[in-house]
Amino acid sequence: MSAVPAPIDRIPTFPWDKLEPYKKTAAAHPGGIVDLSVGTPVDPVPELIQKALIGAADSPGYPTVWGTPELRDALVSWCERRLGARGLTHHNVLPVVGSKELVAWLPTQLGLGPGDKVAYPRLAYPTYEVGARLARAEYVSYDDPTELDPTGVKLLWLNSPSNPTGRVLSKDELTRIVAWAREHGILVFSDECYIELGWEADPVSILDPEVNGGSYEGLVTVHSLSKRSNLAGYRAAFLAGDAAVLDPLLQIRKHGGMMTSAPTQAAVVAALGDEDHVHEQRARYAARRELLREALLKHGFRIEHSEASLYLWATRGESCWDTVAHLAELGILVAPGDFYGEAGATFVRVALTASDERIRAAVDRLA
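Cut-off values and rules
- Residues numbered from 1 in each chain as written.
- Predicted model: local features only at pLDDT ≥ 70, side-chain atom pairs only at ≥ 80, totals over all residues.
- Heavy atoms only, no water.
- Helix = DSSP H or I, 4+ residues; strand = E, 2+ residues; numbered from the N terminus.
- Buried < 20%, exposed > 50% of the residue type's maximum accessible area, 1.4 Å probe, protein only.
- Phe/Tyr/Trp six-rings, centres within 6.5 Å; stacked < 30°, edge-to-face > 60°.
- Salt bridge = Lys/Arg side-chain N within 4 Å of Asp/Glu carboxyl O.
- Pairing = 2+ DSSP bridges.
- Contact = heavy atoms within 4.5 Å.
- Axes fitted to C-alpha atoms, helices over the stretch in contact; angles between N-to-C directions.

Caption draft 1: Structural detail: unusual backbone geometry. In this model, Ser 160 is joined to Pro 161 through a cis peptide bond whose omega is -5°. Topologically, Pro 161 is positioned in the loop between strand 5 (153-159) and helix 6 (171-183). One non-glycine residue with positive phi stands out, namely Asn 230, at about 60°. You can see Asn 230 is positioned in the loop between strand 7 (219-224) and strand 8 (237-241). A relative accessible area of 6% places Asn 230 in the buried class.

Caption draft 2: View of the packing of aromatic side chains. Applying the stated criterion across every chain yields a total of 12 aromatic pairs. A centroid spacing of 5.4 Å and a plane angle of 40° characterise the contact between Tyr 22 and Trp 321, whose relative ring orientation is tilted. Taken as a pair, Tyr 22 in helix 1 (residues 20-27) and Trp 321 in helix 11 (residues 320-329) lie far apart in primary sequence, 299 residues in all. Since its relative accessible area comes to 18%, Trp 321 is described here as buried.

Caption draft 3: Geometry of the pattern of salt bridges. For the coordinates displayed, the defined rule picks out 18 salt bridges. Linking Arg 82 and Glu 196 is a salt bridge whose minimum nitrogen-to-oxygen distance equals 2.7 Å. Of the two residues, Arg 82 sits in helix 3 (residues 69-83) while Glu 196 sits in the loop between strand 6 (187-191) and helix 7 (209-212), which places them 114 residues apart along the sequence. By relative accessible area, Arg 82 is classed as partly exposed at 27%. Ionic pairing is found between Glu 101 and Arg 253, a salt bridge with its closest N-O pair at 2.8 Å. You can see Glu 101 sitting in helix 4 (residues 99-109) and its partner Arg 253 sitting in helix 8 (residues 243-256), a full 152 residues away along the chain. Classification of Glu 101 as buried rests on a relative accessible area of 17%.

Caption draft 4: The arrangement of the sheet that holds strand 10 (residues 311-315) in detail. The four strands are arranged 9-10-13-12 in an open sheet whose pairing can be described as antiparallel. At either end of the open sheet lies a strand with only one pairing partner, and these are strand 9 (302-304) and strand 12 (335-336). Two strands pair when backbone bridges link them, and strand 9 and strand 10 are joined in this way by three bridges, in the antiparallel orientation. Each bridged residue has a counterpart across the sheet, and for Glu 304 the counterpart in strand 10 is Trp 313. Lying on the sheet, helix 10 (residues 276-298) is in contact with strand 9, strand 10 and strand 13 (347-351); it crosses strand 10 at an angle near 5°.

Caption draft 5: Broad picture of the pairing of strand 2 (residues 93-96). Residues Val 93 and Pro 95 line one face of strand 2 and the alternating positions Leu 94 and Val 96 line the opposite face, and both faces are buried. As defined by bridge partners, strand 2 adjoins strand 8 across four bridges and the pair is classed as antiparallel. Pairing of Val 93 across the sheet is with Ala 240, part of strand 8.

As structure tokens, then:
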């Protein structure tokens, strides 16, 4: 018998596998499936980004983990322009190979282990827990992190705008949480991958000096180009914040060969230097959101939070799996809320990431 890799006993069953029977039901609909379960972009990669990728295609040498100086310039410039960050240098930024890889391996790369705790929201992206499990660390969830017992908490995940709920933490809330974490010596990583997609709220970064008092000490943000620029297939993301945290991560990632490809680095420079494509994509999502939201409400759903991000957090006051089954019969596939924690047991997450034609099909079926 071959040996089973040790980490496999530390991770839960991959949740999306449980959706397969419902996916088959939805796919059998005469009009085809409308898949609103996964938040994967479906619109084209903007042409200027494709051109930048092609222009860097002749890249025979190894890229660097820290990225080109041009990439670091682009990361610093975007954080200052878009997030209001001040005084950043190249030492305050670090490209990563997509944000999911970072989330999953961060506790391990930070050297966390048994006796250390990783904290994350009660309703959250499942990979926060997976990352703690891979490191053999403990994990705790919260409604308000400042109500946690800080003993042993080494890493605090924030997620605003939230996946799955779309909830946005206010500037006052972020300021209070940052102060609490610093008081207890807890490292804060803020997952801000949806920060460009605020609808009924204007999301704020913990890099904003009004939140952090002008210091990045103990604070790191996670950003992704998957949603803003349709680059999920490029695996393009980055960190920004405390240089004293990022430098050791850079050294570890050098040893691990965790480098973004050279063509992708060039594409990121182009993507972060252009705002027009971001506004165009926002407009697409805003129109889809309005259509879906109205259709769900008329169908008897209640929608909570959802003031930002690429999802509607919806409930009919029943088991999320009953709702999944009901919508699958209409040819619509959504994600059950309990994928994101027990508190989501009566909710479903409805993604806005489908073509205009498929969104219209969903709206017609809900009617």
